[in-house]
Amino acid sequence: MESSNKIFDTYRQKTQRSVDLFKAAGNVLPGGIAHDSRYIQPHPVYIDHAAGSRKWDVDGNEYIDYFGGHGALLLGHNHADVTAAVTEQLQKGTHFGTCHEPEVLWARQVQKMLPSAELVRFTSSGTEATMLAFRLARAFTDRPKILRFKGHFHGWQDHAAFGVSSHFDGTPTPGILPELSRGIVLGSTESIQEVRKRLQDRDIAAVILEPTGGGWGRFPLSDQFVRDLRIATSETDTLLIMDEVICGFRCSPGGAQADLGITPDITTLAKVLAGGFPGGAVTGRRDVLGLLDMDYGKDDGREKVPHQGTYNANPVSAAAGLRTLQIIEKSDACEQASAGAARLRASLNEIFREENIPWVAYGTYSGFHICTNPEGIDIPLSEFNARMSPEQIRNQDSVLIGLLRVALLIHGIDIAKWPGGIVSAVHSSQDTDETANAFRQSVKMLRDNGIV
Ligand SMILES: Cc1ncc(COP(=O)(O)O)c(C=O)c1O
């Protein structure tokens, strides 16, 4: 498409060193990348350094960052106190292959902020946390299946890889055993009655969900659904796993569960938990996490759930996580981030109206999502959730979205591909104004090139 070529040409001219690095990367990294979400055509920008809400690429271009370390950086890039804690730990050592004080302090801080965390087992990532949570749930209940919801993301492990953006019929994505996919039931958040009915078979060990909606709220979810789900799971002795990998310590210091006033049996955590360093955790009921205990089954011959992991509770992650959580507990960081996102959503909707395009910026807490509304439905924001189906949100024009992202990069903004982003506590009003202006310029660029 000639119009896209023009936008790509402008982008290439601005990001010459990134062009060269992406070429070199193609020879050593499959697809030139390390994470599917980082792919962008014609090439990604290569970032050299970051601070606060901003980052700079290898050509010296500055961006307002709405990736936020995939959601890990609630306090923004290089928060001085977190950097100091990490630096202190680096000087002491990065891996002792044994227990250490920071892991105890970190776990106690998690417990303090998240009352459902009777016990905490650290992992190296959110994916590992959900994998362990499924294993614990199956072992604890002696039931074979996990119920997940379509469009809810729980990492890339085999039990969670399908039914997120494709394979909604439950068939496995390449490389996953069909017998393993049969251990997963894919549900819909559109009907609690259906879920309630399915739980009656009592073969479901646990139901897992993103409590603020699938894809970080890209697919909105009512609080009532989560409340009803808590009741339905309790009534059938099914465990409820809240996947708070992205919303934990972000929606509020006590996560989404504190805001909802719901106590899950198990919570999975990562991202903010480890303050921008690798780390995750499974937390929850003492009797469930007790299956990891070395003494478990000593008296009755039952077998414990095995769990290892070289980087579990890595001291550097523990130092970063502990300091980050302490700051969040004692400050209004979560509120600041949510307020920043609300400000941004309002500004974007104003621009979309003024530019006369049917797009909608929506979301909750510190998230924002953009629906380009290909069917041009006239939706007041208050009716967005009721009027747009998951299919309509999903079936957006990927070429348009790709070009929007490139146009935004040209104008100094980095958003995520779904499309949308994550706001930190240090995004300022000036960031909002600059972002709004960049959106206006980007929409104009797309219009001048005949794309919208
Ligand atoms: C809700 C949720 N669960 C699990 C994961 C997987 O976490 P990780 O990328 O640390 O493996 C993510 C990552 O984005 C997530 O958002």
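Residues numbered from 1 in each chain as written. Predicted model: local features only at pLDDT ≥ 70, side-chain atom pairs only at ≥ 80, totals over all residues.

1. As for the overall build of the protein chain
Along the backbone of the protein chain there are 18 helices and 14 strands. In terms of C-alpha radius of gyration, the protein chain reaches 22 Å, essentially the compact-globule figure of 22 Å for 452 residues. When the backbone C-alpha atoms are referred to their principal axes, the protein chain occupies close to 75 × 55 × 45 Å. Burial statistics for the protein chain: of 452 residues in total, 45% are counted as buried. Summarising the internal contacts of the protein chain: among those between residues at least 6 apart in sequence, 71% fall at separations of at least 24. (Helix = DSSP H or I, 4+ residues; strand = E, 2+ residues; numbered from the N terminus. Rg over C-alpha atoms; globule rule 2.2 N^0.38 Å. Buried ≥ 20, exposed ≤ 12 C-beta atoms within 10 Å, placed from the backbone. Contact = placed C-beta atoms within 7 Å.)

2. Side note on the pairing of strand β2 (residues 54-57)
Pairing geometry for strand β1 (residues 47-51) and β2, over four bridges, is antiparallel. The residue bridging A51 from the neighbouring strand is R54, located in β2. Where β1 folds back on β2, the antiparallel hairpin that results is connected by two residues, among which G52 adopts a positive phi of roughly 60 degrees. Across three bridges, the pairing between β2 and strand β3 (residues 62-65) is antiparallel. The residue bridging K55 from the neighbouring strand is Y63, located in β3. Counting the residues that bridge the hairpin from β2 to β3 gives four residues, and of these G60 lies at a positive phi of roughly 90 degrees. (Pairing = 2+ DSSP bridges.)

3. Things to note about the domain arrangement of the protein chain
When cut into domains, the protein chain gives domain 1 (2-76 + 333-448) and domain 2 (80-330). In this structure, domain 1 and domain 2 have C-alpha centres spaced 28 Å apart. Listed by contribution, the elements that provide at least two residues to the side of domain 1 that touches domain 2 are α3 (68-71), α14 (333-354), β12 (367-371) and α16 (390-394). For the side of domain 1 that touches domain 2, the class distribution of residues is eleven nonpolar, ten polar and no charged. (Domains from an automatic or database assignment. Nonpolar A, V, L, I, M, F, W, Y, C, P; charged D, E, K, R; others polar.)

4. A look at the nonpolar core
Counting residues in hydrophobic clusters, the biggest one holds 112 residues, and the most contacted among them are A137, A206 and I241. The greatest single-element share of this core, amounting to eight residues, is contributed by helix α6 (residues 126-141). Inspection of this core shows a minimum of three residues originating in each of domain 1 (2-76 + 333-448) and domain 2 (80-330). Ignoring any residue separated from it by four or fewer positions in sequence, one finds I241 in contact with A133, A137, A206, V207, I208, P264, D265, I266 and T268. (Core = buried A, V, L, I, M, F, W, Y, C linked by C-beta atoms within 7 Å.)

5. Observations concerning the site of the ligand
By nearness alone, 14 residues border the ligand, and S125, G126, T127, G155 and V245 come closest of all. A total of three residues in the shell around the ligand trace back to one element, the largest contributor, which is α6. Grouping the constituent residues of the shell around the ligand by class yields four nonpolar, eight polar and two charged. (Near = placed C-beta within 6 Å.)

6. Some points on helix α10 (residues 223-235)
Here α10 spans 19 Å end to end across 13 residues, near enough to the 18 Å set by a 1.5 Å rise per residue. Taken as a whole, α10 has its buried residues at V226, L229, R230, A232 and T233. On its buried face, α10 is in contact with α8 (192-199), β7 (204-209), β8 (239-243) and α11 (255-260). (Expected span 1.5 Å × (residues − 1).)

7. Brief notes about the sheet that holds strand β5 (residues 145-149)
In space, the seven strands of this open sheet follow the order β4-β10-β9-β8-β7-β5-β6, with mixed pairing throughout. Either end of the sheet is taken by a strand with one partner, and the two such strands are β4 (119-123) and β6 (184-187). Mean inter-strand twist for the sheet, computed between neighbouring axes without regard to direction, equals 20 degrees. Pairing of β4 with strand β10 (residues 280-284), which is carried by five bridges, proceeds in the antiparallel orientation. Within β10, the position partnered with L119 by the bridge is G284. Across the sheet, α10 is in contact with β7 and β8; its angle to β8 comes to roughly 145 degrees. (Axes fitted to C-alpha atoms, helices over the stretch in contact; angles between N-to-C directions.)

8. Considering the environment of D142
Tracing the backbone shows D142 in the loop between α6 and β5. Residue classification places D142 among the exposed positions, given that 7 C-beta atoms sit within 10 Å. A sequence separation of 154 residues divides D142 from Y296, and the C-alpha atoms of the two residues are 16 Å apart.

9. Focus on the sheet that holds β2
The sheet built from four strands is open, its strands ordered β1-β2-β3-β13 with mixed pairing. Only two strands of the sheet have a single neighbouring strand rather than two, namely β1 and β13 (413-414).

10. A closer look at unusual backbone geometry
Each neighbour pair has its own omega, and for Q41 with P42 the value is 0 degrees, a cis peptide bond. Inspection of the secondary structure puts P42 in the loop between α2 (16-26) and β1. The linkage connecting W418 with the following residue, P419, adopts the cis geometry, with an omega of -5 degrees. Relative to the assigned elements, P419 resides in the loop between β13 and β14 (420-422). You will see that D237, though not glycine, has its phi angle at about 55 degrees, which is positive. If you check the backbone angles, N356 has positive phi at about 60 degrees while not being a glycine. Within the secondary structure layout, N356 lies in the loop between α14 and β11 (360-362).

11. Details of the environment of Q16
Position of Q16 relative to the elements: it lies in helix α2. For the pair formed by Q16 and I415, sequence separation is 399 residues and the distance between their alpha carbons is 20 Å.

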